[in-house]
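In case you want the letters, here they are:
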Amino acid sequence: MTDQTTTLPDSDQKSKEAYFTASQGQLIWARFKKQRAAMIAAMVLVVLILSGLFAPFLSPYNPTIAGKNDEYTNGAPQIPQFCDDAGCSLRPFVYSVERERSMATNFRWVTKINTEDRKYIQFFVEGWDYKLFGFIPMDTHLFGAPEGFVHIFGTDSTGKDIFSRTLHAIWTSMQVGSIGVFIAFVLALVIGGISGYYGGWIDSVLQMITDAVRTVPAIPLFMAVAAFMPPEISAEARFFYISLILGFIGWPTLARRVRTHLLTERNQEYVLAAQLCGASSGHVIRRHLLPSFTSYIIVDLVISFPYMVLSETALSFIGLGLKDPVNSLGVMLQNVTNADVLLNYQWYFIPVIFFIALVMAFVFVGDGLRDAADPYSDTHK
Amino acid sequence: MSDLITVQNLTLKFRTDEGLITAVEDVSFRVRKGEVMGLVGESGSGKSVTAKALMHLNAKNAVYTPESKIILHTDEGEVDVLALRKASEMKVVRGGAISMIFQEPMASFAPAISIGKQMIEQLMLHSDMTKAQARTHSIEMLDRVGISDPHKRVDQFAFELSGGMRQRAMIAMALSTQPKLLIADEPTTALDVTIQAQVIDLMKDLVTEFDMGIIFITHDLGVVAQTADYVSVMYLGRLIEKGPVREVIRDPRHPYTQGLIAALPKLDDLESPLTPVPGDIPSPLERPPGCVFNTRCSKIVGDQCMSVLPPDVKVDPVHRVACHIYKEEGQA
Amino acid sequence: MSNDMIISARDLSVGFQIGTGIFNKHILKAVDSVSVDIETGSFFGLVGESGSGKTTLGRAFLKAVPITNGTATYDDGEVALDLATLDGPALKDYRKRAQLIFQDPYAALSPRMTVRDIIAEPLEVMGLTNSRAETDDRVREIAAKCRLNLEHLRRFPHAFSGGQRQRISIARALVSGPKFVVADESVAALDVSIQADVLNLLKELQRDLGITFMFISHDLSVVAHTCDHVAVMYLGRLVESAPTRQLFEAPRHPYTKALFSAIPSLDPDDDKSAQKLDGEIPSPTNQPPGCKFHTRCPFAVDRCKIEEPKLEHADGTGHEVACHRWVELMEQHAL
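Conventions adopted
- Residues numbered from 1 in each chain as written.
- Chains lettered and ligands numbered in written order.
- Predicted model: local features only at pLDDT ≥ 70, side-chain atom pairs only at ≥ 80, totals over all residues.
- Helix = DSSP H or I, 4+ residues; strand = E, 2+ residues; numbered from the N terminus.
- Rg over C-alpha atoms; globule rule 2.2 N^0.38 Å.
- Buried ≥ 20, exposed ≤ 12 C-beta atoms within 10 Å, placed from the backbone.
- Contact = placed C-beta atoms within 7 Å.
- Pairing = 2+ DSSP bridges.
- Axes fitted to C-alpha atoms, helices over the stretch in contact; angles between N-to-C directions.
- Core = buried A, V, L, I, M, F, W, Y, C linked by C-beta atoms within 7 Å.
- Domains from an automatic or database assignment.
- Nonpolar A, V, L, I, M, F, W, Y, C, P; charged D, E, K, R; others polar.

A.B. asks: How would you sum up the overall build of chain C? Please name residues and give values.
C.D. replies: Across its full length, chain C carries twelve helices and twelve strands. Radius of gyration (C-alpha) of chain C: 21 Å, near the 20 Å computed for a compact globule of 335 residues. For chain C, the residues scored as buried account for 50% of the 335 residues in total. Taking the contacts inside chain C whose residues are at least 6 apart along the sequence as the reference set, 65% of them involve residues at least 24 apart.

A.B. asks: Tell me what's going on with the sheet that holds strand β10 (residues 237-243) of chain C, and back it up with residues and numbers.
C.D. replies: All names here are of chain C. Within the open sheet, the eight strands sit side by side as β6-β7-β8-β3-β9-β10-β12-β11. Their pairing is mixed. The sheet terminates laterally at β6 (98-101) and β11 (312-314), the two strands that pair on one side only. For this sheet, the mean angle separating the axes of adjacent strands, direction not counted, is 20°. Bridging between strand β9 (residues 229-234) and β10 involves six bridges; their strand directions are antiparallel. Looking across to β10, one finds that H229 is bridged to P243. In this fold helix α1 (residues 54-61) packs onto β3 (43-47), β7 (180-184), β8 (212-217) and β9, with an angle of close to 155° to the strand it touches most, β8. Of the strands in this sheet, β6 and β7 touch helix α6 (residues 162-174), which is tilted by about 170° from β6.

A.B. asks: Pulling in residues and values, what's your account of the nonpolar core?
C.D. replies: Grouped together as the largest cluster of nonpolar side chains are 263 residues, with contacts concentrated most on L181, I215 and F216 of chain B together with I119, A171 and F215 of chain C. Leave out the neighbours within four places in its chain, and I215 of chain B touches V31, M37, L39, A51, L181 and I183 of chain B. Counting eight residues, the second largest nonpolar core, distinct from the first, contains Y72, F93, V94 and V150 of chain A.

A.B. asks: Any chance you could break down the domain arrangement of chain A for me, citing the residues and the numbers?
C.D. replies: Assigned domains within chain A: domain 1 (78-151) and domain 2 (165-372). Using C-alpha coordinates to define each centre, domain 1 of chain A is positioned 39 Å away from domain 2 of chain A.

A.B. asks: Break down the interface of chain B and chain C for me, with residues and values.
C.D. replies: With 38 residues of chain B at the interface, the matching set in chain C holds 35 residues. Among the elements that line the side of chain B that touches chain C, the one with the most residues is helix α8 (residues 193-210) of chain B, at seven residues. In terms of residue class, the side of chain B that touches chain C is built from 19 nonpolar, twelve polar and seven charged.

A.B. asks: Which residues make up the pairing of strand β1 (residues 3-16) of chain B, and what values go with them?
C.D. replies: Residues and elements named next belong to chain B. Judged from the ten bridges that link them, β1 and strand β2 (residues 19-32) form a sheet pairing that is antiparallel. Bridge pairing in β2 places T6 opposite R30. Counting the residues between successive antiparallel strands, the hairpin from β1 to β2 contains two residues. Of the pairings in the sheet, the one linking β1 to strand β5 (residues 69-74) comprises four bridges and is antiparallel in character.

Shown next, in the form of structure tokens:
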């Protein structure tokens, strides 16, 4: 008895063969591609990640104090335009801005936009020095206005460009999130893995520890840590410690998931089949158990990412997290709580839109992955 | 009219990632009062899908063709099951006129609610009994299906009963609303053979007592021979042979039915070798053109088997076969 | 018995501890004092319903579950091993010689490995080959024997039907060249038309490769057609054991007779209701005293409720029965 010969056209046969030889990863990707919301979210995510990665290149100004613009503090966003009363031009431009202290407004700065003076935006300009990816020294930026200044999202109270800060903040949050997720993941894998694989009293003890860690309240913990952290440590070191702590708090949930996956998979018959060949625990774990829940763990990771980002945001917002010059959304939002900002400088909130987009993108991609990750659920008899 | 349900030209496809898969194609049959019809088929035959269609229970991605008709004949008139859209209309059909029992009784009882509660709930939904009346009726039904200590069992949970008892409890629950038609989807497959025999006897008794019709879905021809009056054989979504059970089993006409019966190990002839039906059932993605059995048939008569759908031929007054070998009223 | 016995068990018991906590230890005896001999090169059938312990017995012979009492030995002419105390390198060696074919063709194959890798895994884990080329050769060889072609080797399990998957399972079990293979309900999940095919394949492989099969099933008709010798189990005990022909022509134990009569016959007019059993199978955690079958046996007397019957020889042809009354029942022709 051999395969029945099919009289299907070649293309059909090829696609069927492709289906038969598709590995699990390929099947998941094929299913994922069919979900429109998830694909759009994935593209948004890629765009955001790339803009974070290339943040220094895309930012016309240095996001730290070093790049502040004394002449344009709390400045409104400058929208580049192509045309105005004096005619159109191929290059986008903004107007120059002058300020003076005005009596009428109690000696506050009043900015006047000088519509006669165009400042052209140029591309690939030289600007402040930075290291691309952390090690390639460059000073070219995508755009800038060498003769004046261009602040697409406006500036804050010290004159720092919000657009540049937003891009860098995305990148910082992503880094903190990644480190946190990575640490949580490693801990979860080890602890949940041992728990799920060996069961018995080891499982009971580890579960008790897991539950204990999970009940630790985050805010008081951070306040304690903040109290203990010496103020002299550099912003980068602080950044690293915050990520570490987030990871140490985040592992219980993941560990529980890993353990559950392992407990189900370890009783599958194909695991017993491997054990009956005399396979060692290591082989069983490596070849059978780990691949079996990789897809679920990836989903879990993607979904826990936004929680890390939001936790870090919340911490920095209340001052327990990152501080200047390290830049994150939380840091940027530290100054928005006064009425002055709410009434007058609404552009401070523009970064929030980006973060909503980032978190939603992660959530949609995670959901899409979770839906796609069960390609075997409907092929059973 | 003693017809309970009439199925005409039922064709059903599923929309999946791999495309539109035909699960059932052009199936027609009818079941009368007091009649047990066995719906026999192997995996991929479409028998479960057909059964679920009778109660409009298939998943949302199921697509019915416009010619498909399922007519339920009730005392109040005829109901076109596939045209029902609202849940309130379907209530008449599901659990009211038609009841269904499944292969895995553990799956149809909610694990955290006692059996009694579930039966009472069902009764109160479909009739105007009070709670007390429903409880009495439920205990009666449990007793009727042979469960010992029904007063105690009615308050127990599904996991406290053994497999056979659970299946009986499910039959009790299905029958408590006095349906006209019972659809039993592989009810004995998961049971031990000694318990299976008991449940089969029980079902036969209940048919006579309640004058119901039963559609008994199974892959086991032995069970069908013992319980059914009529048998319909399905293969890859098509109904390829149907007729009285004695005729179909003693004188099968379709090569698939013949192959199926020949492949069964028989206790009265231990020496004869086992003869499988050659080949494998094609994947639903690779439905053969023409007669769906042509990839495995050893009695192909010509090109028409590969390209033309075989007509439904009457070989005896109530025995029909879909095969090119036969001509109307003729012989092979 | 002058024939070689590849597996010999005496008073074999397998118990599981159920109930948690220090004071609530309850032993569930899945297999209770079973003595059985499996002849080398035979096709041995083990029949029973749920709770009979047949799966556990099979796994005990493979050392997939620990043996709590009694002895079992494996002797294939090359090595003789004591299964109860097998451990360490001897156990590793045993794994090459004894393998298992599972029931569920869907759960027994790792969905993330290609068929080639699945079949090759035993070779790689046990280090039976020296190079990838050698592994590939052996895989191809056994796959061909199981009627799987080269194309199939590249595919993943989801591409195959139940019958094909079972053949992959068989190929995996046989690739290491075992002498003793336990087939645990290996055709139960298959369609009837495919079942016959897989059974024929197993018989063919037995002839080609000289393997002893222990075929566990609840389906008497299947066992009748494939096995040389059949043993019937009920609630952990062996109740009857005989060469197939004999068992089917003249069953001696009331349970065996009831099992036969319960099989639904293809003849609609065949009425065997007189022999059908009432009642449920007792739970393995709550076994009745005396003969385990007395709660459902139509011929039980007082002695059956107190004393457990021993396995006795009948005829001297290898037919063994465990019933107090089998002689009188036979003479009475009560059935």
